[in-house]
Amino acid sequence: MLIRKAREDKDHRMLFGARIMQVRHRTGMPLIETETVLDLAGEQRVAYETAFREAAREAGELCLAGGDIPSAWAYFKAIGEPAPVAAAIENVAEGENLDRVIEIAYREGVNPRKGFELILKQHGICSAITWYGSNPDHASRQECLRLLVRHLYDLVAGALKETIARAEGAALETDRLPEMMEGRGWLFEGMASYTDSTHLASILRYAPELEDAETLRMAVDLAEYGQRLDPMYHFRGDPPFEDTYLDHAVYLRALMGEDVDTAIAHFRGKAGSPARFAGDTAAAEVLIDLLVRVGRRGEAVQASVEYLADAEGPMNCPSVLQLCQLAGDYATLRSLARQREDLLGFAAGVVQG
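In what follows, the accompanying structure is described.

Parameters at a glance
Residues numbered from 1 in each chain as written. Predicted model: local features only at pLDDT ≥ 70, side-chain atom pairs only at ≥ 80, totals over all residues. Heavy atoms only, no water. Helix = DSSP H or I, 4+ residues; strand = E, 2+ residues; numbered from the N terminus. Rg over C-alpha atoms; globule rule 2.2 N^0.38 Å. Buried < 20%, exposed > 50% of the residue type's maximum accessible area, 1.4 Å probe, protein only. Contact = heavy atoms within 4.5 Å. Salt bridge = Lys/Arg side-chain N within 4 Å of Asp/Glu carboxyl O. Core = buried A, V, L, I, M, F, W, Y, C linked by side-chain atoms within 4.5 Å. Phe/Tyr/Trp six-rings, centres within 6.5 Å; stacked < 30°, edge-to-face > 60°. Lys NZ or Arg CZ within 6 Å of the ring centre and 35° of its normal. Axes fitted to C-alpha atoms, helices over the stretch in contact; angles between N-to-C directions. Nonpolar A, V, L, I, M, F, W, Y, C, P; charged D, E, K, R; others polar. Parallel < 35°, antiparallel > 145°, perpendicular 65-115°, else oblique. Left-handed = near helix turned anticlockwise from the far one by under 90°. Disulfide = S-S within 2.5 Å. Patch = residues over 30% accessible without salt bridge, like charges linked within 9 Å, V, L, I, M, F, W, Y side chains within 5 Å. Areas by Shrake-Rupley, 256 points an atom, 1.4 Å probe, with all protein chains shown as cover.

Remarks on the overall build of the protein chain
Across its full length, the protein chain holds 18 helices and 0 strands. Against the globule reference of 20 Å for 353 residues, the protein chain gives a C-alpha radius of gyration of 28 Å, more extended than a compact globule. Projected onto the principal axes, the alpha-carbon positions of the protein chain cover approximately 80 × 70 × 30 Å. The buried share of the protein chain, taken over its 353 residues, is 42%.

Concerning the environment of Leu118
Its place among the elements puts Leu118 in helix α7 (residues 112–133). For the pair Leu118 and Leu98, spaced 20 residues apart in sequence, the C-alpha to C-alpha distance is 8.6 Å. For Leu118, the contacting residues outside a window of four places in its chain are Val92, Ala93, Leu98, Ile102 and His123.

A few points about the pattern of salt bridges
In this structure the tally under the stated criterion is 28 salt bridges. When the shortest N-O distance is used, the salt bridge between Arg100 and Glu108 registers 3.0 Å. Residue Arg100 is classed as partly exposed on the basis of its relative accessible area of 34%. Counted as one network, the salt bridges with shared partners bring together Arg7, Arg19, Glu54 and Glu58.

What to know about the nonpolar core
Phe116, Leu148, Leu177 and Tyr225 are the most contacted members of the largest nonpolar core, which totals 104 residues. Of the residues forming this core, the biggest block, 10 residues, is contributed by helix α8 (residues 138–168). Not counting residues within four places of it along the chain, the set of residues in contact with Tyr225 comprises Val156, Leu177, Met181, Phe188, Ser193, Tyr194, Thr195 and Leu200. With 5 residues, the next largest nonpolar core counts Ile3, Ala6, Leu15 and Ala18 among its residues.

Comments concerning the environment of Ala249
In this structure, Ala249 sits in helix α12 (residues 244–255). Assessed through its relative accessible area of 0%, Ala249 is described here as buried. The spatial distance from the C-alpha of Ala249 to the C-alpha of Glu306 is 26 Å, given a sequence separation of 57 residues.

As for the packing of aromatic side chains
Evaluated as defined, the whole model comprises 11 aromatic pairs. Between the NZ or CZ atom of Arg107 and the centre of the ring of Trp131, over which it lies, the distance is 4.1 Å. Above the ring of Tyr206, the side-chain terminus of Arg205 is found at 4.7 Å from the ring centroid.

Overview of unusual backbone geometry
With omega at 0°, the peptide bond leading from Pro239 into Pro240 counts as cis. Turning to its location among the elements, Pro240 is positioned in the loop between α11 (213–228) and α12. A positive phi angle is found at Met191, which is not glycine, with a value near 60°. Considering the arrangement of structural elements, one finds Met191 in the loop between α9 (177–181) and α10 (197–206). Overall, the relative accessible area of 43% leaves Met191 in the partly exposed class. The backbone phi angle of Glu341 is positive, close to 55°, even though this residue is not glycine. Relative to the elements of secondary structure, Glu341 occurs in the loop between α17 (330–339) and α18 (343–352). Among the residues examined, Glu341 registers a relative accessible area of 73% and is labelled exposed.

Comments concerning the packing of helix α4 (residues 69–78) against helix α6 (residues 98–107)
Where α4 contacts α6, the axes come no closer than 9 Å and their chain directions differ by 35°. Touching Ile69, Pro70 and Trp73 of α4 are Arg100, Val101 and Ile104, all from α6. Within the contact of α4 with α6, the residues separate by chemical class into 5 nonpolar, no polar and 1 charged.

Structural notes on the side chain of Asn135
Examined against the element boundaries, Asn135 turns out to sit in the loop between α7 and α8. Apart from the residues within four sequence positions on either side, Asn135 is in contact with Tyr106, Ser140 and Arg141.

Things to note about the packing of helix α1 (residues 2–9) against helix α2 (residues 12–26)
The N-to-C vectors of α1 and α2 enclose an angle of 160°; their axes lie 8 Å apart at closest approach. By the angle between their directions, the pair α1 and α2 is classed as roughly antiparallel. Handedness of the crossing formed by α1 with α2: left-handed. Where α1 abuts α2, its residues Leu2, Ile3, Ala6 and Arg7 lie against Met14, Leu15, Ala18, Arg19 and Gln22.

A short note on the state of the cysteines
Evaluated as defined, the whole model comprises 0 disulfides. Counting only cysteine sulfurs, Cys126 is the nearest neighbor of Cys144, a cysteine outside any disulfide, at a range of 16 Å. With relative accessibility at 0%, the residue Cys144 sits in the buried group.

Section: a nonpolar patch on the surface
On the surface, a cluster of nonpolar side chains totalling about 260 Å² of accessible area is made up of Met21, Leu31 and Ile32. Within the fold, Ile32 resides in the loop between α2 and α3 (42–65). Using a relative accessible area of 58% as the deciding quantity, one classes Ile32 as exposed.

Let's talk about α10
Burial within α10 is extensive, with 7 of its 10 residues counted as buried. Buried residues along α10 sit against α7, α8, α11 and α12.

Next comes the structure, spelled out in structure tokens:
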């Protein structure tokens, strides 16, 4: 009767409590919980855990039916079943507890893409950039970065298109930035800008993480838009991307297979001559990572030997032994491992070579 009443009243707490009380009664346990750790074995434990999962699932579904995603997540999280909550979040546009729903979706990883969409819509691009920077998960970072780049691209394209339509008396057919900017230097006269340049610089800082060609092209277009802005909007970036717009454009084009040799020479110049290498490894790490990503793995091994032979601590590129593995260069792997008295690395080189 109690369970039936809880269902009728849509009282998820009473429903869960009654279902748990029911299984405790069935397994011969005290109906009021007094123990901190369950001391069950065999069939009794299996029966309790099965009933617990069923109770949590039913209570969670009751919450979802009432639109209470945060309460539902408490139950589904306890049994490791995020899918029903992820599906419910997919249909969220607004409502109460929206910030908590965003936390569940994005920070707790239930539906990161939708969570990021909600951040952009509800809190704007500045908050979205901050949230993105704190996300350690590679897969969801890719999804969210694509959203971020495309959102900014649409903002810039929309502003340019509106400005051109006012000046020329006709709307353009294209949504591509290069086609809008071609032959229209007047767009950038008088320190004109079409989005917050700090947002542009921040997003370009993350753009080298991109892997899909379509969004990489958008990022290149944004970098080239940035190069046309008045110098007051050119913020100095971290090495080797000091010239935020130019350096990112060179790097991103190389990832697309364009002007690869030019990009490698550009960032090798940033790293400097190995003979005069001063010890700041940031530029060398970017060079090595670029060589890996454009398929120049043998060159990456050599660059690592030249620049990072004595480097210690974590780096933003593969280690020289990892590079040897990627390049299939087992002779160099054996040689380096011998120098470092690395028996594991040496064994890997011997077995694979």
